Structures are given as structure tokens and as C-alpha cells.
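# Understanding the architecture of this molecule
Spelled out, the chains give:
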Amino acid sequence: MQDHMINGTDGSTDPVLSVLIADDHRLLGEAVANLLRSGAGYSVRLTGGLDETLVALADSTYDIILLDLKMPGMVGLASVKTVVEKSGDAKVVLFTGQVDRHFLNSALELGVKGLIPKTMPLQSLISVIQLIDSGQIFVPMNELNSSGQTDAGGGAELTEKEHFVLRLAADGLTNKEIARDMGSTEVTVKMHMRAVCKKLGARNRAHAAIISRERALL
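A quick note: this is a predicted structure, and the numbers were derived from the prediction, not measured. (Residues numbered from 1 in each chain as written. Predicted model: local features only at pLDDT ≥ 70, side-chain atom pairs only at ≥ 80, totals over all residues. Heavy atoms only, no water.)

## Considering the overall build of the protein
Secondary structure summary: the protein contains nine helices and six strands in total. Taking all 218 residues of the protein together, 45% fall into the buried category. In the protein, the share of contacts with a sequence separation of at least 24, taken over all contacts with a separation of at least 6, comes to 61%. As displayed, the protein offers around 11100 Å² of accessible surface, 51% of which is attributable to carbon and sulfur atoms. (Helix = DSSP H or I, 4+ residues; strand = E, 2+ residues; numbered from the N terminus. Buried < 20%, exposed > 50% of the residue type's maximum accessible area, 1.4 Å probe, protein only. Contact = heavy atoms within 4.5 Å. Areas by Shrake-Rupley, 256 points an atom, 1.4 Å probe, with all protein chains shown as cover.)

## Digging into the pattern of salt bridges
In this structure the tally under the stated criterion is six salt bridges. For Asp-23, the salt bridge goes to Lys-118, with nearest N and O atoms at 2.9 Å. With a gap of 95 residues between them, Asp-23 in the loop between strand 2 (13–22) and helix 1 (26–38) and Lys-118 in the loop between strand 6 (115–117) and helix 5 (122–133) connect regions that are remote in the sequence. Among the residues examined, Lys-118 registers a relative accessible area of 23% and is labelled partly exposed. Several salt bridges share partner residues, and in doing so they unite Asp-23, Asp-68 and Lys-118 into one network. (Salt bridge = Lys/Arg side-chain N within 4 Å of Asp/Glu carboxyl O.)

## A word on the nonpolar core
Formed by 23 residues in total, the largest nonpolar core has its most connected members in Leu-67, Val-80 and Leu-94. Within the residue set of this core, elements represented by two or more residues are strand 2, helix 2 (50–59), strand 4 (64–67), helix 3 (76–86), strand 5 (91–96) and helix 4 (101–110). When sequence neighbours within four positions are dropped, the list of residues in contact with Leu-67 reads Ala-22, Met-74, Val-80, Val-83, Val-92, Val-93, Leu-94 and Phe-95. Listed in part, the 20 residues of the second largest apolar core include Ile-21, Leu-46, Leu-66 and Ile-129. (Core = buried A, V, L, I, M, F, W, Y, C linked by side-chain atoms within 4.5 Å.)

## Structural notes on the confidence of the model for the protein
Mean pLDDT over the protein stands at 83; residues scoring 70 or higher make up 83%. Strand 4 holds the highest mean pLDDT among the elements of the protein, 97, whereas strand 1 (residues 4–7) holds the lowest, 45. Residue range residues 5–13 is modelled with pLDDT below 50. Its contacts to residues more than four positions away, or to other chains, number 13 contacts. (pLDDT = per-residue confidence, 0-100.)

## Considerations on the packing of helix 6 (residues 160–170) against helix 8 (residues 186–200)
Where helix 6 contacts helix 8, the two axes come as close as 9 Å, and the packing angle between them is 95°. In this view, helix 6 runs roughly perpendicular relative to helix 8, as classed from their interaxial angle. Each of Lys-161, Glu-162, Val-165, Leu-166 and Ala-169 in helix 6 lies in contact with helix 8, whose residues at this interface are Val-189, His-192, Met-193, Ala-195, Val-196, Lys-199 and Leu-200. For the contact of helix 6 with helix 8, a count of residues per class yields eight nonpolar, one polar and three charged. (Axes fitted to C-alpha atoms, helices over the stretch in contact; angles between N-to-C directions. Parallel < 35°, antiparallel > 145°, perpendicular 65-115°, else oblique. Nonpolar A, V, L, I, M, F, W, Y, C, P; charged D, E, K, R; others polar.)

## Section: the environment of Pro-117
Inspection of the secondary structure puts Pro-117 in strand 6. Judged by its relative accessible area of 3%, Pro-117 is buried. Considered as a pair, Pro-117 and Pro-140 are 23 residues apart in the sequence and their alpha carbons are 8.2 Å apart.

## Considering the side chain of Thr-47
Here Thr-47 lies in strand 3 (residues 42–47). At 2.8 Å, the side chain of Thr-47 forms a polar contact with the side chain of Thr-53. Leave out the neighbours within four places in its chain, and Thr-47 touches Leu-20, Ile-21, Ala-22, Asp-23, Glu-52, Thr-53 and Ala-56. (Polar contact = N/O pair within 3.5 Å; in protein donor to acceptor, adjacent residues only side chain to side chain.)

## Quick notes on the environment of Asn-34
With respect to the helices, strands and loops of the structure, Asn-34 is situated in helix 1. Look at Asn-34 and you get partly exposed, because its relative accessible area is 46%. When the C-alpha positions of Asn-34 and Val-44 are compared, they lie 8.7 Å apart, and in sequence the two are ten residues distant.

## Let's talk about helix 4
Considered for burial, the residues of helix 4 that qualify are Phe-103, Leu-104 and Ala-107. Down the axis, helix 4 shows its buried residues gathered within 95° of arc, on one side only. As for helix 4, its buried residues are in contact with helix 3, strand 5 and strand 6. (Arc of directions from axis to C-beta.)

Right under this line is the structure:
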């Protein structure tokens, strides 16, 4: 815990848990912030995008960071890694809806300390935050997206090239443009795209892009 202190009612000092809520869903963020502030020992700051969050991390230190994967500026694991690296000793926790098992495992490997689903009752948040602050990793297994299990998509991880093709396709590039960026051929791009669709259980490239964003793969 960082060395933040507040004066207690008896004049003593009590430790303050400093929490950064990085989420563009303002109503939810404010609800969580109000809940924490209503209890003794919490200071809370809200940010609504990746850039604003990085500024906040440069300005101050925090104990816990609740990180929304869908806020503006977030681009999958790359953004999660950036936040973890800029967070110092703070414990970064994913604060989101359902998340793909492979994504969560990768995030944990990057140093993320767990997952707090937005569906979790607010009354449970304080206990979970205290648990994470104590050094524990919190992952409610029943909240993992079933797409991370063995399903129609197979649950198989994308290769580096497949992920590259998927990202460019999601950005609207044609097979010809993707092939040019890869230094490859359109036939190879189509092959990778077919593999992506099969692994994700997608009907086509547009559907694959939708699924990948839902699973925070991009």
C-alpha cells in the first residue's frame, strides 16, 4: 500500500487506499467512487481514456487501478501492458465485462492482478479490492467468457500473423493492402483469414472483427 494517510476521528492517522478508476462509463465509475469514498480509508480518482489515465499515473501514485478494456485509447494487450508498466507498485485489475480466457491469462502474465466484472454487486467490491491489495489475485471463474472454452471456435489462440491480419482487416484494409503490408500475397492473406474465422467461430471477416473486439483481442 502507498503511504497515503488521513486523520482519524480520534486525531490518529489511518492508511488510505488510493484507487484509480479508469473507465469511460461515468455513471458506473462515479457509483464505485462514491461507494469507496463512503467508507473510511479510500481516496479515488476517475479517468475516462487511456491518455488521461497515463497522465494520472505520471501525476501520482496509486495502490489499485481498475482498468476498463473498452475505454477510448485501449487497444488490447498492448494498452494493458503500457498501463502495467506505468503503474509502478500499483496493482492493476481488469474492470470489464466478460473477457476471453486467453486474453485474461496473457494479461495475468503481464502483471495484472485479476478481474473484477462490472456485473459484480457493488457491495462486494470493497472486499475484493482489499483482497487484491493484500497481494492476492482475484479471478471469478464463472465470469470467464465461454468462448474461452472449447467451443465452435475451438478456443485456439491466434498466431502472430493471424493476429496481424485480423487487426488490419478490422481497420478496413483489403486483402491486397494487407498483403502489401505483410510483404506477402493475397492468397496467403486469405489463408490466414480463413484460419482466423475458424478459430473464432466467425462467419466472415466482419464477424471476426466484431468477435475479436468483444473478446478484447484487438
